[in-house]
Amino acid sequence: MNKTIIGAVAALTMLSMLSITAQAQRPARKPARIVVAYVTSNPTVMPDPSRMTHINYAFGHVNDTFNGVRISNESRLHSITALKKDAPWLKVCLSIGGWGSGRFSEMAATEENRKAFARDCARVVTEFDLDGIDMDWEYPTSSAAGISSSPDDTKNFTLLIKEIRAAIGPRKLLTMASPSNARFVDFPEVLPYMDFINVMAYDMGRPPRHNAALYRQDEAGNTSPFTRGSADRAIQNHLDAGIPKEKLTLGMPLYGHGDKKNYPDYVDFKDMAAPKEGLSEHWDEIARVPYYADSEGNLMLGYDNVRSITEKCQYIKDKGLLGGMYWEYSCDNPEGDLTRVIAAELIPKRFVSAQAVPKASYAGKEKRFKALLYYSDKVEEAHAQFAHQAIDFFKKLTVGDGWTLDVSKDKLPDLTSYDVVIMPDVMPWNAADRTRFEEYMENGGGWLGFHGAGYNDASTGWDWFKNFLGGFSFLCNTWPPQPALVEVEGFDHPVTKNLPARYVAPASEFYQWQPDPRSNPDLRILASLARENFPMGLKDIVFGGDFPVVWTNTKYRMVYINMGHGDETFTDATQNLLFINALRWLAFHKP
Ligand code: ZN
């Protein structure tokens, strides 16, 4: 290896090292805790995997012949497990059972049925690309949910768990949901086969009592009039049953219980409105949960909000529990207030990107490369301004003659010797240059396009280029240029390496497209504008919708980055790292 190659690698490596060092000061790469989200089969809302480590898909059931598994809405389960492609940290389990789901007692009663059922669990794990099975039999020996039961259920449950573990093997997850009283199951017997236990610390009361109080009593011994059970008591019950704290998650409800007159029995957090006339909102200082009460202080609606959920997450950390669980994802509001706070409290954002970053390959095998920057001044002033700053930015990266950057204005030279073509503000305009660029890309060329270089509408008249970008046209833009909260996606991709889950991008104009780029299965979306930005803009306002800003069309070696309007684009280190990652990937990644 010659010195210039070492220089090239060192220059790029040092830039990456800066953020690796910052990251090294963070705690362990493994998540300190887990977040188990129940996701049900009915809603159409797709969970955001950055807010969780595990999904329990609800539900599968014991089939009518007591010897297999029946899954509700199989196609939704397929789409849930497909989330793992872009979220390699995510584990997806099938939860079998749920309130009122029966036939467990009959199935578990005979060895033949237990074995057949366990074999079928193994089949669905393989067939649906699952990470395990979550057992939700509510509850062995109890017919409270209107299901059959037998005094032998507890003994048979242990036998069943052994069969399922044997069938799915030691590497898959086997977990269960347990009610707050920790009854019904012989925990010392089943624990060796279980990865962890989810404690359903909710439905512990209905008006006039809280749904899910954290405590019943304060340190001075005062008791809340609205509660008998509590989440703290539920955890203690499970510790008393012999389960170590590292195998327990605390379940949290994203819903409340109403009095059935003023409010329905179940009220999702997203449907929670201000108290009705004559009622008012209160905070129970002992139980550490909010509630609505009438003028005489009678509890009419007990629920959880950001404050109580935050305190429960703190409880999980203080107690050293494995993590948190919640029922269920779609109860949260569209802003994701509860699911976001749970993720922020229990799984530090870094985990998401650190887990997913592929191994660095600084082995020095990389070749020196050659790039061309093509731009024009015959464009909007702010776009030309960005192009000139891009020239400075990329020139700086050639320090030590690590690689070559040629710059060409208004004309596209022969491209065959270039590894990457950078277009900061415009795509080729005359027919000869367009043909040259098409041939170059169709033969494996690399393209890094910014902002105006991707702008296309009916007037562009270049179908190949439209398809190359992903098959969509300019729909609208935000104006004036302003900073925006960017959500990084696709953490296993080299272009997002070492990026945080979110960052604030410096002021730029942002384009929205139609049809939605995400509808093209060939695209990998790498970043999008977070929904909190909306409404965005003062003159040209975008009110919502999907808003991808960085992607690659997997049919080509290309990355498009929507940023690049005006003179602030290169003022942010995080965003600069994204640009360098993209250049590096295009330069060194040859199919
Ligand atoms: Zn612009």
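See the structure shown above.
Notes on the structure follow. Values in this document were obtained by computation on a predicted structure and should not be read as measured data.

Comments concerning the overall build of the protein
In step 1: For the protein, the helix and strand inventory stands at 14 helices and 25 strands.
In step 2: With respect to the three principal axes, the spread of C-alpha positions in the protein is 85 × 60 × 45 Å.
In step 3: Counting the 591 residues in the protein, one finds 58% classified as buried.
In step 4: Sequence separation of at least 24 residues holds for 71% of the intrachain contacts in the protein that already meet a minimum separation of 6.
In step 5: Surface exposure of the protein reaches about 24500 Å², of which carbon and sulfur atoms provide 51%.

Regarding helix H2 (residues 74–81)
In step 1: Along H2, the residues that are buried comprise Arg76, Leu77, Ile80 and Thr81. Looking straight down H2, one finds that the buried residues subtend no more than 135° of arc, so they occupy a single side.
In step 2: Tucked inside the fold, the buried residues of H2 contact strand S1 (34–40), strand S2 (54–62), strand S3 (69–71) and strand S4 (91–97).

Focus: the sheet that holds strand S15 (residues 370–375)
In step 1: Pairing in this open sheet of nine strands is mixed, and the strands run S16-S15-S17-S18-S25-S24-S23-S20-S21 from one edge to the other. Of all strands in the sheet, those bounded by a partner on one side alone are strand S16 (404–409) and strand S21 (502–508). The mean angle between the axes of side-by-side strands here comes to 20°, regardless of whether they run parallel or antiparallel.
In step 2: Here strand S20 (residues 482–488) pairs with strand S23 (residues 523–529) via three bridges, running antiparallel. Across the sheet, Glu487 pairs through a bridge with Ser528, a residue of S23.

Some thoughts on the sheet that holds strand S13 (residues 299–302)
In step 1: Strand order in this open sheet of five strands is S10-S9-S13-S12-S11, and the pairing throughout is antiparallel. Of all strands in the sheet, those bounded by a partner on one side alone are strand S10 (266–268) and strand S11 (280–284). Across the sheet, the axes of successive neighbouring strands diverge by a mean angle of 30°, strand direction being ignored.
In step 2: Looking at chain direction, strand S12 (residues 289–293) and S13 are connected through three bridges and run antiparallel. Each bridged residue has a counterpart across the sheet, and for Tyr291 the counterpart in S13 is Gly302.

A look at the coordination of the zinc ion
In step 1: With distances of 1.9 to 2.1 Å, the protein atoms coordinating the zinc ion are His383 (NE2), His451 (NE2), Glu509 (OE) and His565 (ND1).
In step 2: Coordination at the zinc ion is irregular, judged from the four donor atoms that bind it and the angles of 96 to 145° they form at the metal.
In step 3: Here the donor residues of the zinc ion are spaced in sequence according to H-x67-H-x57-E-x55-H. Of this pair, His383 sits in helix H11 (residues 381–396) while His451 is found in the loop between strand S18 (446–450) and helix H13 (463–469), placing the two residues 68 residues apart along the sequence. The two residues His383 and His451 agree in class, both being buried.

Describing helix H12 (residues 431–442)
In step 1: The first and last C-alpha atoms of H12 sit 16 Å apart over twelve residues, in line with the 16 Å expected at 1.5 Å per residue.
In step 2: Every buried residue of H12 is listed here: Asp433, Arg434, Phe437, Tyr440 and Met441. Projected onto a plane normal to the axis of H12, the buried residues spread over an arc of 130° and lie on a single side. Those residues of H12 that are exposed and aimed more than 90 degrees away from the buried face are Ala431 and Ala432.
In step 3: Elements in contact with the buried residues of H12: strand S17 (420–423), S18, H13 and strand S25 (557–561).
In step 4: Capping the start of H12, Asn430 holds a side-chain oxygen 3.1 Å from the backbone nitrogen of Ala432, two or three residues further along.

A short note on the environment of Gly98
In step 1: Position of Gly98 relative to the elements: it lies in the loop between S4 and helix H3 (104–109).
In step 2: For Gly98 and Ala58, which are 40 residues apart along the polypeptide, the C-alpha to C-alpha distance reads 7.6 Å.
In step 3: Those residues in contact with Gly98, other than ones at most four positions away along the chain, are Phe59, Asp136 and Glu138.

With respect to the packing of helix H8 (residues 306–319) against helix H9 (residues 337–346)
Helices that pack against each other are described as a pair by the angle of their axes relative to one another and the distance between those axes.
In step 1: As a packed pair, H8 and H9 sit with axes 10 Å apart at the nearest point and diverge in direction by 25°. One finds that H8 runs roughly parallel with respect to H9. For the pair H8 and H9, the crossing hand works out as right-handed. Across the interface between the two elements, Val306, Ile309, Thr310, Cys313, Gln314, Ile316 and Lys317 of H8 pack against Asp337, Leu338, Val341, Ile342, Glu345 and Leu346 of H9.
In step 2: Of the residues assigned to the contact of H8 with H9, the class counts are eight nonpolar, two polar and three charged.

Points about the pairing of S2
For a regular strand, side-chain orientation follows a simple rule: the groups alternate between the two sheet faces.
In step 1: Burial of S2 is extensive: nine of the nine residues sit out of reach of the surface.
In step 2: As paired strands, S1 and S2 are joined by five bridges and run parallel to one another. From the neighbouring strand, Thr40 faces S2, where its bridge partner is Ala58.
In step 3: Relative to S4, S2 runs parallel, the two being bridged by six bridges. Bridge pairing links His54 to Lys91 in S4.
In step 4: Bridge count between S2 and S3: three bridges; the pairing is antiparallel. Its bridge partner lying in S3, Gly60 is registered against Ile71.
In step 5: In this structure, the hairpin formed by S2 and S3 is closed by a connection of six residues, where Phe66 is found at a positive phi of approximately 65°.

Concerning unusual backbone geometry
In step 1: In this structure, Phe59 follows Ala58 across a cis peptide bond, with omega equal to 10°.
In step 2: Position of Phe59 relative to the elements: it lies in strand S2.
In step 3: Phi angles above zero are rare outside glycine, and Asp129 is one such case at about 55°.
In step 4: Here Asp129 is to be found in the loop between helix H4 (111–127) and strand S5 (132–136).
In step 5: The residue Asn498 is not glycine, and still its phi comes out positive at about 65°.
In step 6: With respect to the helices, strands and loops of the structure, Asn498 is situated in the loop between S20 and S21.
In step 7: A relative accessible area of 6% places Asn498 in the buried class.

Some points on the nonpolar core
In step 1: Ranked by size, the top nonpolar core spans 145 residues in total, and within it Leu94, Met135, Ile342, Phe394, Ile422, Leu448 and Met563 carry the most contacts.
In step 2: At nine residues, helix H14 (residues 573–588) tops the list of elements feeding residues into this core.

About the criteria used
Residues numbered from 1 in each chain as written. Predicted model: local features only at pLDDT ≥ 70, side-chain atom pairs only at ≥ 80, totals over all residues. Heavy atoms only, no water. Helix = DSSP H or I, 4+ residues; strand = E, 2+ residues; numbered from the N terminus. Buried < 20%, exposed > 50% of the residue type's maximum accessible area, 1.4 Å probe, protein only. Contact = heavy atoms within 4.5 Å. Areas by Shrake-Rupley, 256 points an atom, 1.4 Å probe, with all protein chains shown as cover. Arc of directions from axis to C-beta. Pairing = 2+ DSSP bridges. Axes fitted to C-alpha atoms, helices over the stretch in contact; angles between N-to-C directions. Donors = N, O, S within 2.8 Å, 3.2 Å for Na, K, Ca; no water. Tetrahedral: all angles 85-135°; square planar, octahedral: opposite > 155°, others 65-115°. Expected span 1.5 Å × (residues − 1). Polar contact = N/O pair within 3.5 Å; in protein donor to acceptor, adjacent residues only side chain to side chain. Parallel < 35°, antiparallel > 145°, perpendicular 65-115°, else oblique. Left-handed = near helix turned anticlockwise from the far one by under 90°. Nonpolar A, V, L, I, M, F, W, Y, C, P; charged D, E, K, R; others polar. Core = buried A, V, L, I, M, F, W, Y, C linked by side-chain atoms within 4.5 Å.

Take it as geometry only, folks, not as evidence of what the structure does.
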